[in-house]
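What follows is the residue order along each chain.
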Amino acid sequence: MTITWTARPETDADHVQIREVNLAAFSTSLEADLVEALRSDPEAWLPGLSWVTEGPDGRIAGFALLTRCHVDGAPALTLGPCAVLPEFQRQGAGSAAIRAALRAAREQGENLVLVLGHAEYYPRFGCVPASRYGIRPPFEVEDKYMMALAFDPALPIPSGTIRYPAAFGV
């Protein structure tokens, strides 16, 4: 059975369900706590870039968040946390939330998104190793896991070290 997912920006009424999705998707509360910390950081939080997916029953099943980061001094976005309730994983709920968040970012005039994640998953959204743009994280990680997506590669893409929001603790 194929599920039709409805993607939409989060509302204040979604906060409890978003926390529940993150708690169910991960083995600790770190990601759920990170979302709440990012929400309270006016330098990191960008309205309209936190997205959820709902199934036909209206329950939130997936979540994707984009927040402000920087590459040296230039603004960029970081993708994550992204989470899906375990019973809906591998059914498109996460991809639908990510695609909607990326579309919203592009519509808001953003051009660069960075993500630390599965090298087999994120390329489906157009992500490539960030090192291709001369972008590196502030910690050691295998090259294939630090990825970047430039919506318009013809525009200038900053190079340098990523500066994450303080809530990431790096």
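A short tour of the structure in this document, coming up.

Rules used in this analysis
Residues numbered from 1 in each chain as written. Predicted model: local features only at pLDDT ≥ 70, side-chain atom pairs only at ≥ 80, totals over all residues. Heavy atoms only, no water. 1 Å grid on protein atoms, 1.4 Å probe; cavity = no way out; pocket = protein on both sides within 12 Å on 5 of 7 lines; lining within 4 Å. Points joined across faces, edges and corners; volume = space filled by probe spheres on them. Helix = DSSP H or I, 4+ residues; strand = E, 2+ residues; numbered from the N terminus. Nonpolar A, V, L, I, M, F, W, Y, C, P; charged D, E, K, R; others polar. Phe/Tyr/Trp six-rings, centres within 6.5 Å; stacked < 30°, edge-to-face > 60°. Buried < 20%, exposed > 50% of the residue type's maximum accessible area, 1.4 Å probe, protein only.

## What to know about the layout of surface pockets
Space inside the largest pocket adds up to approximately 1,000 Å³. In terms of lining residues, the largest pocket is bounded by 32 residues, among which Phe26, Cys82, Gly117, His118 and Tyr122 are the most central. When residues of the lining of the largest pocket are assigned to their parent elements, the largest contribution, 7 residues, is made by strand β4 (residues 74-84). Per-class residue counts for the lining of the largest pocket are 20 nonpolar, 9 polar and 3 charged.

## Brief notes about the packing of aromatic side chains
The description of an aromatic ring pair uses the distance of the two centres, along with the angle that the planes make with each other. Going through the model one piece at a time under the given rule, you end up with 6 aromatic pairs. Taken together, a centroid distance of 6.2 Å and an interplanar angle of 45° make the contact between Tyr122 and Phe125 tilted. With a relative accessible area of 9%, Tyr122 lands in the buried category. Phe125 gets classed as buried once you look at its relative accessible area, which sits at 10%. Each ring, one from Tyr164 and one from Phe168, has its centre 5.2 Å from the other, and the planes form 45°; the classification is tilted. Tyr164 sits in the buried class, given a relative accessible area of 9%. Take Phe168: its relative accessible area is 25%, and that puts it in the partly exposed class. Among the aromatic residues, ring-to-ring pairing joins Tyr121, Tyr122 and Phe125 into one connected group.

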